[in-house]
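Fold and contact review
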Amino acid sequence: MAWLLALPKFGIVLLLAALLSLLWLLQNNEAEEDRTALIKDVLWLEQNLRFHLSGNEEQLQQLAADMVSLPEQKKIFRLRAAHLLKNNPELSQLLWFDAQRKVVDALPTSTLPDEAIAAFGPPVTDKAFDMASRLGKRVYSEPFFLEGNRAFIELMVPVFDGRELKGMLVAVYPIETLLNNLVPWWFAEKYKVVIVDDNDIQYATKTHIEGSGIQSYEIPLDPPGYGMKLRVTSYKTADNSLQRLLTVAIVILAAGVFWSLWLVRDLMQKRSRAEEALRAEHAFRTSMENSLTVGMRARDLSGCITYVNPAFCKMTGFSSKELVDKSPPMPYWVPEQIDETYAIHQSVLDGNAPPDGFEITFKRKNGERFNALIYEARLIDGNGQHTGWMASVLDITERKRAEELARQQQEQLQFTSRLVTMGEMASTLAHELNQPLAAIASYNAGCLNLLERDGCAPQDIRPALEKISVQAQRAGKIIRRVHDFVRKSEPKRAPCSLGDVIEDCLGFVEPDARKHQIRIECEVPHHLPPIPADRLMLEQVLLNLIRNGMEAMASTPAADRVIRIVTEISAAELRISVSDCGCGITPEVRTKLFTAFFTTKPEGMGVGLSICRSIIEFHRGRLWAEDNPQSPTGTGTIFIFTLPLEDA
Ligand code: ADP
């Protein structure tokens, strides 16, 4: 990824390098061309100078020859010298000397100018004069300075008559004037022309421009020789500003490209960071989804499935492909409950799903049914728009099975507990039953005696038979009550009178109470409203509490053995309390009082109170124990339970 980012940068650097080297090459080429042009121009100038000088030499040579061969030397000199000076403005003066180095004539003035006098001052001109006379041919003098800084050269042309030196023609060239006249204006516009010698002494300069030169070229100036050189320097022209502009533009453009590239890189980095964060977030969500044991199912507003998680797929046995985009009826709906399921589905879409969730039966792919607990929530998107419904689905089949099992066990326990209670009361019940049976037997014996007597009228036996019937009913009632109590039945709540329940219980416990000298006091208001309850269960609770109270009073003095059953009614509930004056409950026992199988009695089962509490809770009431502050013995317990008057 990094190298991919570096690639365009590398490309830009290469492009920039290529452009700059192209520019450099162009510049080099141009410089090369400039130099060639410079050399050409210098060669031309040197040729031009030489051509002029040698032209002048020829004319002076011709004049020297003519002055010897023709009469009227002075006239010829004047005429020709004037002509020469006129046509060659670079010449400042022409002088005619005799062999003794005396001026015979001179132009432009006949009087000798200071220059000419001076010209014969410097030894250089003497040397040139000597050389010209000795060699017998034209000779240039070395350059010399006069009048301050003005430099001159002189051309000596000897006048020979046969082998005899007759005089000398001297042409005076101020070097400055020479340049001024022989270097054309256009040349001076482009170049700086300087005449120097080997010692870098500068004799004359011509230029029309200011500034620094970029390249120069030198060429020997011969004639006059003596190490004199023509140095030509070229100047920068304005047109390379375009090139500079181009370079600057290239650099600015490259910088711009770099900058935008940097921005793109920054953007890409930000983007890749965001992608990385998104990937991490996605991975986190996926692993969260996969680890969820709760099924998740999303639906759009029309009820079509938009998403299911792996747990939901596992639960139903259908793959996500088989479920997503499906509209009702769903493949996991139970066919025989399709109408109810559709109604629930519609109420969820209408926004009426119960906030505490609802139970429904679904079908797995293999046809197996399962119970699901579903919580529906609104699906809100990033813009706050309601886009559908998200359901979390719990498979509660196992839980329901366990609950059912626990319920059955509880029921079994209740039943067992009732049997145990009956077992415990068996002897007193047998005694109770014995009384009517004994009465029946004695009434029966009386009847038989009466029948054996003569003259026994049927009406004599009638009262006895009626009493037998009463006693038989009494016995039957006891047996029916016992039968009712131990009968195994499903718990069902129906309106029942608490007074009847208490009365029934008292019927059970009274024989025992009598035996143990326990008084049972009952305080039940008249006209109690019927309460929605399972009568048998309530009897079991009351019987349990009364018997516990009786057992707790085993060591209580007989006079104080009282059980009080008090019923109070309030707006919403009945409050029933069973108090005793027994041994009371210690704090340690109190904490475990309602724990199943907790007992302090050697023969006890310890399930009585735990069953009582679950029965009362089944009736949506509460059961608890308090100390009995009104007990004359100082110890005692009150068990209190409440029952709601209205069935919810
Ligand atoms: P069990 O009667 O078989 O022991 P219970 O669940 O009915 O089982 O009672 C549990 C324990 O609570 C009893 O063993 C006893 O110690 C205590 N207990 C219950 N009722 C009373 C009471 N009225 N006074 C004192 N202790 C009591």
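In short, a report on the structure.

Let's shift gears to the sheet that holds strand β11 (residues 295–300). Across the sheet, five strands lie side by side as β12-β11-β15-β14-β13; this open sheet has antiparallel pairing. Here the strands that pair on one side only, and so sit at the sheet edges, are β12 (305–308) and β13 (358–363). When strand polarity is set aside, the average angle formed by the axes of neighbouring strands in this sheet is 35°. Bridge count for strand β14 (residues 369–380) against strand β15 (residues 386–395) is nine bridges, and the pairing is antiparallel. Looking across to β15, one finds that Leu 379 is bridged to Gly 388.

One open sheet holds the five strands; their spatial order is β17-β19-β20-β22-β21, and the pairing between them is mixed. Pairing within the sheet leaves two strands with one partner each, and these edge strands are β17 (519–523) and β21 (623–627). Taken over all neighbouring pairs, the strand axes of this sheet differ in orientation by 15° on average, direction set aside. As paired elements, β21 and strand β22 (residues 637–644) share five bridges and run antiparallel to each other. Residue pairing across strands places Ala 625 opposite Phe 639, the latter belonging to β22. Running over the sheet, helix α13 (residues 498–515) touches β17, β19 (562–569) and β20 (573–579) and is turned about 170° from β17. Where helix α14 (residues 535–552) meets the sheet, it contacts β17, β19, β20, β21 and β22, and its direction lies at approximately 170° from that of β22.

What follows covers the site of the ligand. Around the ligand, the surrounding shell holds 20 residues, and the nearest of these are Asp 580, Thr 599, Thr 600, Lys 601 and Leu 609. Between the ligand and Lys 601, the relevant distance is 2.7 Å, taken from an oxygen atom to a side-chain nitrogen or oxygen of the residue. Computed on the free molecule, the ligand has an accessible area of 530 Å², of which 93% lies beneath the protein chains in the complex. Sorting the residues of the shell around the ligand by element identifies α14, α16 (608–618) and β22 as the ones contributing at least two each. In terms of residues, the shell around the ligand owes the most to one element, α14, which gives four residues. Here the shell around the ligand is built from residues that sort into eight nonpolar, 10 polar and two charged.

Our focus in this paragraph is unusual backbone geometry. Cis rather than trans, the peptide bond between Pro 328 and Pro 329 has omega equal to 0°. In this structure, Pro 329 sits in the loop between α9 (320–323) and α10 (338–349). One non-glycine residue, Gln 517, adopts positive backbone phi at about 55°. Within the fold, Gln 517 resides in the loop between α13 and β17. Overall, the relative accessible area of 52% leaves Gln 517 in the exposed class. At His 527, a position not held by glycine, the phi torsion is positive, near 55°. Along the chain, His 527 turns up in the loop between β17 and β18 (531–533).

On to the packing of aromatic side chains, then. All chains considered together, the criterion is met by 12 aromatic pairs. Ring centres of Trp 333 and Tyr 342 lie 6.0 Å apart, and the angle between their planes is 80°; this geometry places the pair in the edge-to-face category. Overall, the relative accessible area of 3% leaves Trp 333 in the buried class. By relative accessible area, which is 39% here, Tyr 342 ends up partly exposed. Following the ring pairs from residue to residue traces out a cluster consisting of Trp 44, Trp 186, Phe 187 and Tyr 191.

Right, let's talk about a nonpolar patch on the surface for a bit. There is a patch of nonpolar side chains on the surface, built from Leu 15, Leu 19, Leu 22 and Leu 26 and spanning about 360 Å² of accessible area. With respect to the helices, strands and loops of the structure, Leu 26 is situated in helix α1 (residues 2–69). Looking at Leu 26, the relative accessible area reads 47%, which means it is partly exposed.

Attention now moves to the environment of Pro 557. Summarising the element assignment, Pro 557 is placed in the loop between α14 and β19. Judged by relative accessible area, which is 47%, Pro 557 ranks as partly exposed. A C-alpha to C-alpha distance of 9.6 Å links Pro 557 and Cys 581, two positions 24 residues apart in sequence.

Let us now look at helix α12 (residues 458–486). Structural remark: α-helix, 3.6 residues per turn; residues separated by three or four positions point the same way. The terminal C-alpha atoms of α12, which comprises 29 residues, lie 41 Å apart, in line with the 42 Å expected from a rise of 1.5 Å per residue. The inward-facing, buried residues of α12 contact α11 (397–452), α13 and α14.

Turning our attention to the packing of α11 against α16. At their nearest, the axes of α11 and α16 sit 11 Å apart, and the two run at 125° to each other. Classified by the angle their axes make, α11 and α16 are oblique. Considering how the two elements wind past one another, α11 and α16 form a crossing that is left-handed. Contact with α11, carried on its side by Gln 410, Leu 413, Gln 414 and Ser 417, involves Ile 611, Ser 614 and Ile 615 of α16 and no other residues of that element. Its residues assigned to classes, the contact of α11 with α16 shows three nonpolar, four polar and no charged.

So, about the state of the cysteines. Counted under the stated rule, the structure contains zero disulfides. The thiol of Cys 304 is unpaired, and the distance to the nearest cysteine sulfur, on Cys 313, comes to 15 Å. Judged by relative accessible area, Cys 304 falls into the buried class, the value being 13%. Not part of a disulfide, Cys 522 finds its nearest cysteine sulfur in Cys 505, a span of 9.5 Å.

For the rest of this paragraph, the subject is the nonpolar core. By size, the foremost hydrophobic cluster in this structure holds 49 residues, and its most contacted members are Ile 531, Phe 639 and Phe 641. In this structure, Tyr 140, Leu 182, Ala 204 and Val 232 belong to the second largest nonpolar core, which totals 43 residues.

Now for the pattern of salt bridges. With the rule as written, the count across this model stands at 38 salt bridges. Put simply, Arg 80 and Asp 66 hold a salt bridge, and the shortest N to O gap is 2.6 Å. Separated by 14 residues along the polypeptide, Arg 80 in helix α2 (residues 73–87) and Asp 66 in helix α1 bring together distant segments of the chain. In this structure, the salt-bridge partner of Glu 368 is Arg 364, at a minimum N-O distance of 3.3 Å. Of the residues examined, Glu 368 reaches a relative accessible area of 40% and is grouped as partly exposed. Residue classification places Arg 364 among the buried residues on the basis of a relative accessible area of 15%.

The next thing to look at is the packing of α11 against α13. Running from N to C, α11 and α13 cross one another at 80°; their axes reach a closest spacing of 9 Å. Classified by the angle between their axes, α11 and α13 sit roughly perpendicular to one another. Residues Met 422, Met 425, Thr 428, Leu 429 and Glu 432 of α11 touch α13, and the partners they reach there are Phe 508, Pro 511, Asp 512, Arg 514 and Lys 515. For the contact of α11 with α13, a count of residues per class yields five nonpolar, one polar and four charged.

Cut-off values and rules
- Residues numbered from 1 in each chain as written.
- Predicted model: local features only at pLDDT ≥ 70, side-chain atom pairs only at ≥ 80, totals over all residues.
- Heavy atoms only, no water.
- Pairing = 2+ DSSP bridges.
- Helix = DSSP H or I, 4+ residues; strand = E, 2+ residues; numbered from the N terminus.
- Axes fitted to C-alpha atoms, helices over the stretch in contact; angles between N-to-C directions.
- Contact = heavy atoms within 4.5 Å.
- Near = heavy atom within 4 Å.
- Polar contact = N/O pair within 3.5 Å; in protein donor to acceptor, adjacent residues only side chain to side chain.
- Areas by Shrake-Rupley, 256 points an atom, 1.4 Å probe, with all protein chains shown as cover.
- Nonpolar A, V, L, I, M, F, W, Y, C, P; charged D, E, K, R; others polar.
- Buried < 20%, exposed > 50% of the residue type's maximum accessible area, 1.4 Å probe, protein only.
- Phe/Tyr/Trp six-rings, centres within 6.5 Å; stacked < 30°, edge-to-face > 60°.
- Patch = residues over 30% accessible without salt bridge, like charges linked within 9 Å, V, L, I, M, F, W, Y side chains within 5 Å.
- Salt bridge = Lys/Arg side-chain N within 4 Å of Asp/Glu carboxyl O.
- Expected span 1.5 Å × (residues − 1).
- Parallel < 35°, antiparallel > 145°, perpendicular 65-115°, else oblique.
- Left-handed = near helix turned anticlockwise from the far one by under 90°.
- Disulfide = S-S within 2.5 Å.
- Core = buried A, V, L, I, M, F, W, Y, C linked by side-chain atoms within 4.5 Å.

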